[in-house]
Amino acid sequence: MESWSVDQVCNWLRQRNLGELVPKFREEEVSGAALLALNDRMVQQLVKKIGHQAVLMDLINKYQQQKSGLESLTYCCETASPKFPELISGKNQKSFFARYKTLQWTSSYALPDFPYDVKCILAEKKCPDHSMRIRIIEFLQADMTKYLGGSLYPNSQQYNIVVNALLQAYPFLDEDGNGFLLWKRALKDRFKYVRRPIEDDEQVLRNKCKFGHRRGQTRKSSFAEDKPEDIQVQVEEEPVHLEGSGMDVHIKWLKQEYMKTQRNWKEVDNRMNVTIEIRRKMISDKAPLKDILRLFPFLRCPYQLFREFQLLTQMDIYKKTVEILEIYSENILSLYVVRNNPINIMLQENLKRHTEEDILKYMKMTAACLLLPDVFGDDSSLFVAVNEEVKAVTPVLEVKNPFNVNSCEFALYVGREELAQLDDCTMALAALVAAFHVFDIPCPERIHRTLNFLESLVFEVRSPASLLTQVKRGLEAPKYSSI
């Protein structure tokens, strides 16, 4: 950076969403050396907005810290013991530094210093109320933005890192084992709330344009839940004809709460519990899905879909799905039947580009999920559409760029309409299985072996050993049966 020209400094600013500072930096001829020599007073003179001042100083400080860290690592490599000559070679040293840079955000992240009142609540191990939860989320969002160099678009892995750090430091926040999904959802909602009014940020405008957002418009009725970027969901306010005015009040509250950015999830749970009887009656009477979702829009949320499944079956579908993919992914990928599958070929090509264990594991689990129908000789088009249009009317997954950790997208479709955006393959697979049960949708004959395999594991009706043998031998599973 020290040798950068003024033009290079301006390009660096644009890449970090500080493009509006470029004219002033050009006028003052701020080169790379001058940038690193800036102090607080100089930054205040150059930059008007306090937020931009904070981001710029943080970026400069991070560069200085990174430079110091790399210098110390270089010294360690240069003075390494002859027992480890591979550390000294240029190729390995370059790879070593690349990995160091990639993992820096993960390894360096630490929770922010919460305000005094928040610290007191956390120290007493008390579950925070709604307003206190919002304060915690606000501080986490601001802290993540700082770590991300001012970006308002964390990826799924970064959300996971922050929420895991929070729950590891304060395990009592993991309420009933559902804390991870709740805190992650709240944190994502907070970023959306912050992005909503922004109209002068290149990255925000680019993403709003990418996802079809236009000022002054609202989305037409659809099955999407929280699809970027902060597009309001238009819920039709038609009269609700239900038994008892009390039920009408609950449903009206749920519809209004769904429109909010900051949601009272505890109260949502309570009111979804109260209304489950009328909801199940509508589903059993084969009411149109769009009518069910209009009255109970929170079924578009993955967490509520999993919760509804648990109310019906007493099973934690998300937890079970994590276990399934972790246990079976390696075995599935080793089968001869999937060796020449385009998904497996795509996986092998992408595995060569990464060395981080968590990314490799993520890719393998994703591939195992996508390959399940091929293992059992089922019709994969009724299970997942990879980089193509969804054609099935029954629940099916849509997956785009499955092995790109920064741009992969997962969504659940029902009736060729998007029901929910999902974070990763585990959540996607869990949502697919849950949707068949929650909405009481019969499983197509051409996909029943795959669904039967998954349900056998979720409901623990057969032992893992016998199921593993079934996968290895490619035996046909009994027909799928709905609950």
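The structure displayed is predicted, hence computed values, not measured ones.

Colleague: Give me the lowdown on the overall build of the protein, citing residues and values where you can.
Modeller: A count of helices and strands for the protein gives 22 helices and four strands. A total of 483 residues make up the protein; the buried ones form 50% of that total. Of the roughly 24,600 Å² that the protein leaves accessible, carbon and sulfur atoms contribute 51%.

Colleague: Talk me through helix α18 (residues 342–351); I want residue IDs and the actual numbers.
Modeller: Of all the residues in α18, the buried ones are Ile 343, Asn 344, Leu 347, Asn 350 and Leu 351. Relative to the axis of α18, the buried residues are bounded by an arc of 125° and lie together on one face. Each element contacted by the buried residues of α18 is listed here: α17 (317–333), α19 (357–375) and β1 (384–386). Residue Asn 341 occupies the N-cap position of α18, its side-chain oxygen lying 2.9 Å from the main-chain nitrogen of Ile 343.

Colleague: Account for empty space enclosed by the protein, naming residues and giving values.
Modeller: Across all of its chains, the model carries one cavity of 30 Å³ or more by this definition. In this structure, the largest cavity occupies an estimated 100 Å³ of space. Taken together, Leu 181, Lys 184, Arg 185, Lys 188, Pro 302, Tyr 303, Gln 421, Leu 422, Asp 423 and Met 427 make up the full set of residues lining the largest cavity. Every element with two or more residues in the lining of the largest cavity is listed here: α10 (179–195), α16 (302–313) and β4 (417–422).

Colleague: Account for the sheet that holds β4, naming residues and giving values.
Modeller: Taken together, the four strands give an open sheet; going across it, the order is β1-β2-β3-β4, and neighbouring strands pair in mixed fashion. Strands with a single pairing partner mark the edges of an open sheet, and in this sheet they are β1 and β4. Strand-to-strand twist across the sheet, computed as the mean angle between neighbouring axes with direction ignored, equals 25°. Bridge count between strand β2 (residues 396–400) and strand β3 (residues 409–414): five bridges; the pairing is antiparallel.

Colleague: How would you sum up the pairing of β4? Please name residues and give values.
Modeller: Taking burial as the measure, the six residues of β4 include five buried ones, the bulk of the element. By the bridge criterion, five bridges tie β3 to β4 in an arrangement that is antiparallel. Of the residues in β4, the one forming a bridge with Phe 410 is Leu 422. Taking the residues that link successive antiparallel strands as the turn, the β3-β4 hairpin has two residues, and the phi of Gly 415 there is positive, at about 65°.

Colleague: Explain the nonpolar core residue by residue, including any values.
Modeller: Counting residues in each nonpolar core, the largest one holds 116 residues, and the members touching the most others are Phe 296 and Phe 439. The leading source of residues in this core is helix α20 (residues 425–438), at twelve residues. If near-sequence neighbours (up to four positions away) are discounted, Phe 439 is found in contact with Ile 283, Leu 289, Leu 293, Leu 299, Leu 305 and Leu 419.

Colleague: Describe the packing of helix α7 (residues 116–123) against helix α8 (residues 130–147), listing the residues and the values that go with them.
Modeller: Where α7 meets α8, the closest approach of the two axes is 11 Å, and the angle between their N-to-C directions is 115°. The orientation of α7 relative to α8 falls into the category roughly perpendicular. Taken as a pair, α7 and α8 cross one another with a handedness that is left-handed. Across the interface between the two elements, Asp 117, Val 118, Ile 121 and Leu 122 from α7 touch Met 132, Arg 135 and Ile 136 from α8.

Colleague: Go over the pairing of β2, please, and point to the residues and values.
Modeller: The buried fraction of β2 is high, at four of five residues. The pairing of β1 with β2 spans three bridges and is parallel. In the sheet register, Val 386 faces β2, and the bridge partner there is Val 399.

Colleague: So, unusual backbone geometry: which residues are in play, and what are the values?
Modeller: In this structure, Glu 29 is a non-glycine residue whose phi angle is positive, near 55°. Structurally, Glu 29 is set in the loop between α2 (22–27) and α3 (32–36). Note on Glu 29: relative accessible area 62%, which makes it exposed. A positive phi angle is found at Gln 314, which is not glycine, with a value near 65°. Assignment of secondary structure puts Gln 314 in the loop between α16 and α17.

Colleague: So what's going on with the packing of aromatic side chains? Residues and values would help.
Modeller: Counted under the stated rule, the structure contains nine aromatic pairs. Pairing Trp 265 with Phe 298 gives two aromatic rings, centres 5.6 Å apart and planes at 75°, and the pair type is edge-to-face. Placement of the pair is Trp 265 in helix α13 (residues 265–274) and Phe 298 in the loop between α15 (289–295) and α16, with a sequence separation of 33 residues. You can call Trp 265 buried: its relative accessible area is 8%.

Colleague: How would you summarise the pattern of salt bridges if you had to cite specific residues and measurements?
Modeller: This model, assessed by the stated rule, comprises 18 salt bridges. A salt bridge links Arg 26 to Asp 7; the nearest nitrogen and oxygen atoms lie 2.6 Å apart. On the criterion of sequence distance, the pair formed by Arg 26 in helix α2 and Asp 7 in helix α1 (residues 6–15) is long-range, its members being 19 residues apart. Here Asp 7 falls in the partly exposed class, since its relative accessible area comes to 42%. It is possible to trace a salt-bridge network through shared partners that takes in Lys 184, Lys 188 and Asp 423.

Rules used throughout
- Residues numbered from 1 in each chain as written.
- Predicted model: local features only at pLDDT ≥ 70, side-chain atom pairs only at ≥ 80, totals over all residues.
- Heavy atoms only, no water.
- Helix = DSSP H or I, 4+ residues; strand = E, 2+ residues; numbered from the N terminus.
- Buried < 20%, exposed > 50% of the residue type's maximum accessible area, 1.4 Å probe, protein only.
- Areas by Shrake-Rupley, 256 points an atom, 1.4 Å probe, with all protein chains shown as cover.
- Arc of directions from axis to C-beta.
- Contact = heavy atoms within 4.5 Å.
- Polar contact = N/O pair within 3.5 Å; in protein donor to acceptor, adjacent residues only side chain to side chain.
- 1 Å grid on protein atoms, 1.4 Å probe; cavity = no way out; pocket = protein on both sides within 12 Å on 5 of 7 lines; lining within 4 Å.
- Points joined across faces, edges and corners; volume = space filled by probe spheres on them.
- Pairing = 2+ DSSP bridges.
- Axes fitted to C-alpha atoms, helices over the stretch in contact; angles between N-to-C directions.
- Core = buried A, V, L, I, M, F, W, Y, C linked by side-chain atoms within 4.5 Å.
- Parallel < 35°, antiparallel > 145°, perpendicular 65-115°, else oblique.
- Left-handed = near helix turned anticlockwise from the far one by under 90°.
- Phe/Tyr/Trp six-rings, centres within 6.5 Å; stacked < 30°, edge-to-face > 60°.
- Salt bridge = Lys/Arg side-chain N within 4 Å of Asp/Glu carboxyl O.

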